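Structural overview
As a plain string of letters, each chain reads:
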Amino acid sequence: MAHPHSLRDDERWRESAACRNFAAERFFPQGASGLAVEVIQAAKAVCRSCPVSGPCLQFAMETDQEAGIWGGTEEDERRRLRRAGRAAGRAARAGRATGAPAVPR
Ligand code: SF4
């Protein structure tokens, strides 16, 4: 069963996407150097004006979207977010196991 706030099954947010009328290639550049840098920056600029960038990023994280620009992030940024999320989860579990606060004071 999906998380109550999961966006996996409810993609209505896409209807308000600022990128709806852009070609997919604008958000799925090949590589991350050379001309792709300009494509990535242009896509991120669109994301900054997008009213659903939060749900978009949440969807990308929930569904492990590895390629492309989602919610104003590129692949490396989402990988870092995933690592940070896993580390926070481990810290929270360790805190529960020892009774220590999950976040050091
Ligand atoms: S945040 Fe960016 S990629 Fe996501 S829907 Fe909006 S414009 Fe499209």
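Structure report, in brief. (Residues numbered from 1 in each chain as written. Predicted model: local features only at pLDDT ≥ 70, side-chain atom pairs only at ≥ 80, totals over all residues.)

A few points about the site of the ligand
As a matter of local geometry, the ligand sits amid 14 residues, with Ala17, Cys19, Cys47, Cys50 and Cys56 nearest to it. For the shell around the ligand, the secondary structure elements donating two or more residues are α1 (35-48) and α2 (53-62). (Near = placed C-beta within 6 Å. Helix = DSSP H or I, 4+ residues; strand = E, 2+ residues; numbered from the N terminus.)

Some thoughts on the nonpolar core
One broad rule of soluble globular proteins: the nonpolar side chains tend to lie buried together. By size, the foremost hydrophobic cluster in this structure holds 11 residues: Phe27, Ile40, Ala43, Cys47, Val52, Cys56, Leu57, Phe59, Ala60, Ile69 and Trp70. For this core, the secondary structure elements donating two or more residues are α1 and α2. Ranked by residue count, the leading element in this core is α2, at four residues. The residues contacting alanine 43, other than those within four sequence positions of it, are Arg26, Phe27 and Ile69. (Core = buried A, V, L, I, M, F, W, Y, C linked by C-beta atoms within 7 Å. Buried ≥ 20, exposed ≤ 12 C-beta atoms within 10 Å, placed from the backbone. Contact = placed C-beta atoms within 7 Å.)

Some words on the environment of tryptophan 70
Mapping tryptophan 70 onto the fold places it in the loop between α2 and α3 (75-98). Residue tryptophan 70 is classed as buried on the basis of its 25 C-beta neighbours within 10 Å. Those residues in contact with tryptophan 70 that sit more than four places away from it in its chain are Cys56, Leu57, Ala60 and Gln65.

Purely geometric stuff here, so don't read any function into it on its own.
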